[in-house]
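# Residue-level structural notes
Single-letter residue listing:
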Amino acid sequence: MNNLIWHDFTQIPSTHTHAIDLVTSTIISKPVLITADMQTAGYGTNNRTWESALGNLFATFCILEKMCNFEKFHVKLKNHEQPTQAIICANILQKTILTLTGKTLELKEPNDLLYKGKKCSGVMVSKIQDSSKQPVLCISIGFNCARGPKTSQPTTYIKCNKHELIFSWIYLLCGQEE
């Protein structure tokens, strides 16, 4: 994806917060990826704290909503409801992990992925407007690829290259061949 703008940080409070600040103050004409080796104030759905263990993936991908064709992804839910954008993004992440590692992840609605019953990933989607009022999706992924952080819930990790993971996920999301 040659048109991608990538901001890679050693440490940042939150890739998601940084993305929202960037998008609301800019006209987004190309997709933007924000990654960090460490987050000091990462969070998930409902402002729950996201524990940031060094070596794991912390990323937010920003793309104009009109550039995402979620209808092409067929996600079947147990309750037969329409999947949310977060569930579709998590499903794409499931497919990416299966391709890269051969491991099957389980979706725990609304936005978590489990491996052998333990959390290894979370996905969060915010829809905001850039400075020209175009709708932009900020899709954040936390993925434990180096170690499972110590939390009140059981966590685990799946060893993989975090950059290969995020770029493979982006290519699948955007419908491009690698």
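The structure this text deals with has already been given above.
Let me sum up the structure you'll find in this document. (Residues numbered from 1 in each chain as written. Predicted model: local features only at pLDDT ≥ 70, side-chain atom pairs only at ≥ 80, totals over all residues. Heavy atoms only, no water.)

## What about the nonpolar core?
Short version of the rule: The definition of a nonpolar core used throughout is a set of buried Ala, Val, Leu, Ile, Met, Phe, Trp, Tyr and Cys residues joined through side-chain atoms within 4.5 Å. Any residue under 20% of the maximum accessible area for its type is buried, any over 50% is exposed, and the rest in between are partly exposed; the area is computed with a 1.4 Å probe on protein chains only. Helix and strand assignments follow DSSP, with helices taken as H or I runs no shorter than four residues and strands as E runs no shorter than two, numbered in order from the N terminus.
Grouped together as the largest cluster of nonpolar side chains are 35 residues, with contacts concentrated most on Phe61, Phe143, Trp169 and Leu173. Residue assignment for this core shows that the elements contributing at least two residues are strand E3 (57–64), helix H2 (85–101), strand E5 (112–115), strand E6 (118–129), strand E7 (135–143) and helix H3 (162–173). With seven residues, the top contributor of residues to this core is H2. One finds Ala19, Ile28, Val136 and Cys138 within the second-largest nonpolar core, a separate group that totals 10 residues.

## Looking at the packing of aromatic side chains
Note the threshold: The pairing test for Phe, Tyr and Trp rings, Trp by its six-membered ring, is centres within 6.5 Å, and the orientation test on the planes gives stacked under 30 degrees, edge-to-face over 60, and tilted for anything in between.
With the rule as written, the count across this model stands at two aromatic pairs. Measuring from ring centre to ring centre gives 5.0 Å for tryptophan 6 and phenylalanine 167, while their planes differ by 80 degrees; the resulting arrangement is edge-to-face. With tryptophan 6 in strand E1 (residues 5–12) and phenylalanine 167 in helix H3, this residue pair connects regions lying 161 residues apart in the sequence. Measuring from ring centre to ring centre gives 6.1 Å for phenylalanine 61 and tryptophan 169, while their planes differ by 85 degrees; the resulting arrangement is edge-to-face. Taken together, the positions of phenylalanine 61 in strand E3 and tryptophan 169 in helix H3 put the pair 108 residues apart, joining distant regions of the chain.

## Examining the packing of H2 against H3
Worth spelling out the cut-off: Convention adopted: a line fitted to C-alpha atoms gives each axis, helices being fitted over their contacting stretch, and angles between N-to-C directions are expressed from 0 to 180 degrees. Reported orientations rely on four angle classes, namely roughly parallel under 35 degrees, roughly antiparallel over 145, roughly perpendicular from 65 to 115, and oblique for the rest. Whether a crossing is left-handed or right-handed is set by the direction in which the near helix is turned from the far one by less than a right angle, anticlockwise for left-handed and clockwise for right-handed. Contacts between residues were defined by any pair of non-hydrogen atoms, one from each residue, lying within 4.5 Å.
Packing of H2 against H3 leaves a shortest axis separation of 9 Å and a crossing angle of 125 degrees. Taken as axis vectors, H2 and H3 run oblique relative to one another. Pair H2 / H3 crosses with right-handed handedness. Seen from H2, the contacting residues are Cys89, Ile92, Leu93, Lys95, Thr96, Ile97 and Leu100; seen from H3, they are Glu164, Leu165, Ser168, Trp169, Leu172 and Leu173.

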